[in-house]
Amino acid sequence: MRDLVEVPFDPADVAIIPGRAAAKPRRTRTVTVNRAESPLSWLAARGLVDPRQIEAGERMRRDYEIAQLGARVTMQWDAVRVDGGGRGGADVDPALAQIAAKRRFDAAIAAVGGGLSDILWRVVCAGEAIPAAERALGWPGRSGRLVLGLALDRLASHYGLP
């Protein structure tokens, strides 16, 4: 199933190069996201997580993706810019945005704690189903959803969500 939605880029995810004035973006850039691909979305569709937990999980997943912490399957084929120009008219440094996202992700994992961050990372970031995560962690069946709920609550508190 495909549940596609256009999500705007968050300006906080882009770092400005020090010493340069930021150019005003001409239009808001968006990215297409399939909300049905995430186990967290699957849980939300069944009413097993509340909107506060969903927001916290999606924030962490966004930082995980921006920081490019997932395993690479092949060589990076991104074009190398030799003219020194910025992307889309704005003078932004993607490396600084990646580093900032990595720091936010690490702070979120540390705030959740060691016992809860395992299931949180496996389900929210790695995209594992809860039963698969329970087996990988050696947990009894049906315990993962409860622990994931606790981890998402702690994550939402870290982000200061109401």
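Just so it is clear, the model here is predicted, and its values are computed rather than measured.

Using the criterion set out here, one finds five salt bridges in the structure. Its salt-bridge partner being Arg-59, residue Glu-55 comes within 3.1 Å of it at the nearest N-O pair. A residue pair is termed a helical-turn pair when its members lie 3 or 4 positions apart in one helix, as Glu-55 and Arg-59 do in helix α2 (residues 51-66) at four residues. Judged by relative accessible area, Glu-55 falls into the partly exposed class, the value being 36%. By relative accessible area, which is 25% here, Arg-59 ends up partly exposed. Residue Asp-63 is joined to Arg-104 by a salt bridge in which the shortest nitrogen-to-oxygen separation is 2.9 Å. Of this pair, Asp-63 sits in helix α2 while Arg-104 sits in helix α3 (residues 94-112), placing them 41 residues apart in sequence.

We now examine the environment of Arg-154. Along the polypeptide, Arg-154 turns up in helix α6 (residues 144-159). Between the alpha carbons of Arg-154 and Leu-116 there is a distance of 9.0 Å; along the sequence they are 38 residues apart. Setting aside residues no more than four positions away along its own chain, Arg-154 makes contact with Ala-111, Val-112, Gly-113 and Leu-116. Looking at Arg-154, its side chain comes within polar contact range of the main-chain oxygen of Val-112, at 2.8 Å.

Cut-offs applied
Residues numbered from 1 in each chain as written. Predicted model: local features only at pLDDT ≥ 70, side-chain atom pairs only at ≥ 80, totals over all residues. Heavy atoms only, no water. Salt bridge = Lys/Arg side-chain N within 4 Å of Asp/Glu carboxyl O. Helix = DSSP H or I, 4+ residues; strand = E, 2+ residues; numbered from the N terminus. Buried < 20%, exposed > 50% of the residue type's maximum accessible area, 1.4 Å probe, protein only. Contact = heavy atoms within 4.5 Å. Polar contact = N/O pair within 3.5 Å; in protein donor to acceptor, adjacent residues only side chain to side chain.

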